[in-house]
Number of protein chains: 2
Amino acid sequence: MRLSPAMEDYLKVIGQMEQEGRRVTTQALAQRLKVKPPSVTGMLKKLTRLHLIRYSPYGSVELTEAGRKAALEVLRHHRLIELYLREALGLPLHRLDEEADRLEHALSEELEDAIAAALGHPTRDPHGHPIPTKDGQIEQPDDFHLTDAEHGVGFVIVRVSDRDGELLKYLESLGLVPEAVVTVVRRDPFGGPLWVQVADKTHPLGLEAAQHIFVRHLSDLEDRKESGVTASSAAPKRVRRKVASLPSADLPDPL
Amino acid sequence: MRLSPAMEDYLKVIGQMEQEGRRVTTQALAQRLKVKPPSVTGMLKKLTRLHLIRYSPYGSVELTEAGRKAALEVLRHHRLIELYLREALGLPLHRLDEEADRLEHALSEELEDAIAAALGHPTRDPHGHPIPTKDGQIEQPDDFHLTDAEHGVGFVIVRVSDRDGELLKYLESLGLVPEAVVTVVRRDPFGGPLWVQVADKTHPLGLEAAQHIFVRHLSDLEDRKESGVTASSAAPKRVRRKVASLPSADLPDPL
DNA sequence: TCCCTCTTTTAGGCATCCCTAATTATAAAC
DNA sequence: GTTTATAATTAGGGATGCCTAAAAGAGGGA
């Protein structure tokens, strides 16, 4: 049975939240999907009937094996499209998520394969997120928040959150993109900014922004790889590879 | 106001039928859109309310200026996508229409522009159909049915219908694609096949198939132009240019 | 334990777009 | 001018997926 775009969206988001180690609640889903809670309840019931999630009223939500597979497929579509739009058509980083959200539901298997092949079967999207494989494997990120990074030492940005286009535009303007090398110079007290050095410039960075940046130790061994795109126009390269699994924390700091 | 995918589909088809000089009836629309006639009536009313078409019950249908603009925009999306899928991703001719039908509704203006630029602002899709310009101009075809072509003389295929994937696959296998040079050797009587010569081989071609092929005189002056695609994989080139307008006839031959 | 708050669900609707069955218009044939 | 076939419309429903308002559950604090 063919899933509707709405169902795909729900599954994708549920999958992402599980991945991030967050509890999947009605409200959280409503927020992420820009929908009201009653709509979520309705869809959760439908997905339960289809055995794509496990869920009981007032309880929390969990993907079944079938649901996980479907969710990863959508996520694969989404991330392949993002990378393709970036590499082949030169779209700016902060426009990718929105475009991919619309296109991901219209992608056939055949086209997915063609795109993956054109990109050289990449493993990371332009934000640094791992792209699930066709058979439903996804690399577990082993990075941590920039806010948790030791001061005075170089780190490499592995991924940035793609949820907020404006934030991305801002980070991009500072050069805070995947693969950039950053050093946290110091952190001002009382929720003050992080002073981060990137490309020989130091910028104050609000904690909220910093929380959307994930880094790894510069010293970690990397196997670099190019993405092998056919057509390209002004796009940075990607890095990365798997090491281990470790869900990242989730801290909604006030001011 | 944002048009729904269904509305876009209706407008696109109405526009195409007007273009082909055919009367736009409820039934014809139902057939083309794979929908039942009552559904068409309902949608026609809605489009009338939105001033996208002019229509009165039991009468026939006509695009308004706003409707024509919307229809051409969808058609532009459709044909740009077809060409892009062919040129950049190497999809086979007979898969293009179906893929584009799904993608055309998810294409932003920005992405449309990026694709058009990547293709070098092309004027023809892979089936040889003219691509409307961004400001709503569309070239009037000045070609005619292969069935009307003089015997023993060379013609160049300008466009083939894209409606039937199976037919396209067949035509492709015979080399009957846009830009191929064909000669009608003879036509057997009583609805018998056309014997067409293409690339030194002569094939019998049923009238039904032949009706989906449109040609021009070889002697007509052409300004050839490449399509300027960034990435390409095994695709034929395009030809063509405008000369005049002349709606093509429409003859549903019995055997 | 009871209350209060916050979350979630139920109830009831609306818009979109499709369907089948039944009715009405149109137009061609006698 | 009827009759009759065909085309188109109305009537009535169903599935999706969203909404608001109201009710119900869950959990913490006194």
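The structure we're discussing is the one just above.
What you see is a predicted model, and the numbers here were worked out from it, not measured in a lab. (Residues numbered from 1 in each chain as written. Chains lettered and ligands numbered in written order. Predicted model: local features only at pLDDT ≥ 70, side-chain atom pairs only at ≥ 80, totals over all residues. Heavy atoms only, no water.)

**Side note on the overall build of chain A**
- When helices and strands are tallied, chain A shows 8 helices and 8 strands.
- Across the 255 residues in chain A, those meeting the buried criterion constitute 50%.
- A separation of at least 24 residues holds for 64% of the contacts in chain A among residues at least 6 apart in sequence.
- Looking at chain A as shown, the accessible area adds up to about 12,500 Å², and 54% of this sits on carbon and sulfur atoms. (Helix = DSSP H or I, 4+ residues; strand = E, 2+ residues; numbered from the N terminus. Buried < 20%, exposed > 50% of the residue type's maximum accessible area, 1.4 Å probe, protein only. Contact = heavy atoms within 4.5 Å. Areas by Shrake-Rupley, 256 points an atom, 1.4 Å probe, with all protein chains shown as cover.)

**Examining the interface of chain B and chain A**
- Counting residues at the interface gives 20 residues for chain B and 20 residues for chain A.
- Summing both sides of the interface, chain B and chain A together bury roughly 1,600 Å²; the carbon and sulfur share of this comes to 62%.
- Counting every contact that joins chain B to chain A gives 2 salt bridges.
- Between glutamate 110 of chain A and arginine 95 of chain B there is a salt bridge, and its shortest N-O distance comes to 1.6 Å.
- Put simply, chain B and chain A have 7 residue pairs in polar contact (both at pLDDT 80 or more) between them.
- Sorting elements by how many residues they give to the side of chain B that touches chain A places helix H6 (residues 109-118) of chain B first, with 5 residues.
- Partitioned by chemical class, the residues of the side of chain B that touches chain A number 14 nonpolar, 2 polar and 4 charged. (Buried area = accessible area lost by both parts, 1.4 Å probe. Salt bridge = Lys/Arg side-chain N within 4 Å of Asp/Glu carboxyl O. Polar contact = N/O pair within 3.5 Å; in protein donor to acceptor, adjacent residues only side chain to side chain. Nonpolar A, V, L, I, M, F, W, Y, C, P; charged D, E, K, R; others polar.)

**Describing the sheet that holds strand S7 (residues 201-205) of chain B**
All names here are of chain B.
- Ordered in space as S3-S8-S4-S5-S6-S7, the 6 strands form an open sheet in which the pairing is antiparallel. Only two strands of the sheet have a single neighbouring strand rather than two, namely strand S3 (144-145) and S7.
- Examined bridge by bridge, S3 and strand S8 (residues 213-217) share 2 bridges and lie antiparallel to one another. In the strand pairing of S8, histidine 145 is matched with phenylalanine 214.
- Sheet contacts for helix H7 (residues 165-174): strand S4 (154-160), strand S6 (194-198), S7 and S8; angle to S7, the most-contacted strand, approximately 155 degrees. (Pairing = 2+ DSSP bridges. Axes fitted to C-alpha atoms, helices over the stretch in contact; angles between N-to-C directions.)

**A few points about the protein's contact with DNA strand D**
- Inspection of the region around DNA strand D gives 21 residues, with Ser4 and Ser39 of chain A together with Thr41, Lys45 and Tyr55 of chain B positioned closest.
- Close to the protein, within 4 Å, the atoms of DNA strand D belong to sugar or phosphate groups at a rate of 83%.
- Of all the elements in the fold, those that place two or more residues in the surface near DNA strand D are helix H1 (5-19) and helix H3 (37-49) of chain A together with helix H2 (26-33) and helix H3 (37-49) of chain B.
- Of the residues contributing to the surface near DNA strand D, the split by class is 12 nonpolar, 6 polar and 3 charged. (Near = heavy atom within 4 Å.)

**Some thoughts on the packing of helix H1 (residues 5-19) of chain B against helix H4 (residues 65-89) of chain B**
Residue and element names in this part refer to chain B.
- Relative orientation of the contacting elements H1 and H4 amounts to 95 degrees, with a least axis distance of 8 Å. Relative to H4, H1 is oriented roughly perpendicular. Of the residues in H4, those touching H1 at Glu8, Leu11, Lys12, Gly15 and Gln16 are Gly67, Ala70, Ala71, Val74, Leu75, His78 and Arg79.
- Within the contact of H1 with H4, the residues separate by chemical class into 5 nonpolar, 4 polar and 3 charged. (Parallel < 35°, antiparallel > 145°, perpendicular 65-115°, else oblique.)

**Some words on the relation of the copies chain B and chain A**
- The two copies are related by a screw motion: chain B maps onto chain A through a turn of 180 degrees and a shift of 0.0 Å along the axis, at an RMSD of 0.0 Å. One copy is carried onto the other by what is essentially a two-fold rotation axis.
- Looking at chain B, 100% of its interface residues are interface residues in chain A too, so the copies touch through the same face. (Least-squares fit on C-alpha atoms with pLDDT ≥ 70 in both.)

**Here we look at the protein's contact with DNA strand C**
- The local shell around DNA strand C holds 20 residues, among which Thr41, Lys45 and Tyr55 of chain A together with Ser4 and Ser39 of chain B are the closest.
- In DNA strand C, atoms within 4 Å of the protein come from the sugar-phosphate backbone in 81% of cases.
- Here glutamine 27 of chain A contributes a backbone N or O atom positioned 3.0 Å from a phosphate oxygen of DNA strand C.
- A distance of 3.2 Å separates a sugar or linking oxygen of DNA strand C from a polar atom in the side chain of tyrosine 58 of chain B.
- Of all the secondary-structure elements, those providing two or more residues to the surface near DNA strand C are helix H2 (26-33) and H3 of chain A together with H1 and H3 of chain B.

**Considering the pattern of salt bridges**
- By the definition in use, this model includes 38 salt bridges over all chains.
- Linking arginine 54 of chain A and glutamate 62 of chain A is a salt bridge whose minimum nitrogen-to-oxygen distance equals 3.2 Å.
- By relative accessible area, which is 45% here, arginine 54 of chain A ends up partly exposed.
- Overall, glutamate 62 of chain A belongs to the partly exposed group, its relative accessible area being 41%.
- A salt bridge links glutamate 65 of chain B to arginine 68 of chain B, with the nearest nitrogen and oxygen atoms 3.5 Å apart. Taken together, the positions of glutamate 65 of chain B and arginine 68 of chain B, both in helix H4 and 3 residues apart, correspond to about one turn of that helix.
- A relative accessible area of 56% means that glutamate 65 of chain B is categorised as exposed.
- The partly exposed category is assigned to arginine 68 of chain B, whose relative accessible area is 34%.

**So, the sheet that holds strand S8 (residues 213-217) of chain A**
Residue and element names in this part refer to chain A.
- Sheet architecture is open: 6 strands sit in the order S3-S8-S4-S5-S6-S7, paired in antiparallel fashion. Unpaired on one side and paired on the other, strand S3 (144-145) and strand S7 (201-205) mark the two borders of the sheet.
- On top of the sheet, helix H7 (residues 165-174) reaches strand S4 (154-160), strand S6 (194-198), S7 and S8; it is set at about 155 degrees to S7, its chief contact.

**A short note on the pairing of S7 of chain B**
Residue and element names in this part refer to chain B.
- Two elements, S6 and S7, share 5 bridges in a ladder whose sense is antiparallel. Its bridge partner lying in S7, glutamine 197 is registered against threonine 202.
- Hairpin connection of S6 to S7: 2 residues between the antiparallel strands, including alanine 199 at a positive phi of 50 degrees.

**Let's talk about helix H5 (residues 93-103) of chain B**
- Inspection of H5 of chain B places Leu93, Arg95, Leu96, Asp97, Glu99, Ala100 and Leu103 of chain B among the buried residues, and these make up the whole buried set.
- Looking at the buried positions of H5 of chain B, the neighbouring elements they touch are helix H5 (93-103) and helix H6 (109-118) of chain A together with H4 and H7 of chain B.

**Some details on the packing of H2 of chain A against H3 of chain A**
Residue and element names in this part refer to chain A.
- Running from N to C, H2 and H3 point in directions that differ by 110 degrees, and their axes come no closer than 8 Å. One element, H2, and the other, H3, form an angle in the roughly perpendicular class. Contacts between H2 and H3 pair Thr26, Leu29 and Ala30 from the former with Pro37, Val40, Thr41 and Leu44 from the latter.
- Broken down by class, the residue content of the contact of H2 with H3 amounts to 5 nonpolar, 2 polar and no charged.

**Notes on the side chain of histidine 77 of chain B**
Residues and elements named next belong to chain B.
- Note that histidine 77 resides in helix H4.
- Of the residues examined, histidine 77 reaches a relative accessible area of 6% and is grouped as buried.
- Each residue touching histidine 77, except ones within four places of it in the same chain, is listed here: Glu104, Leu107, Glu109 and Glu112.

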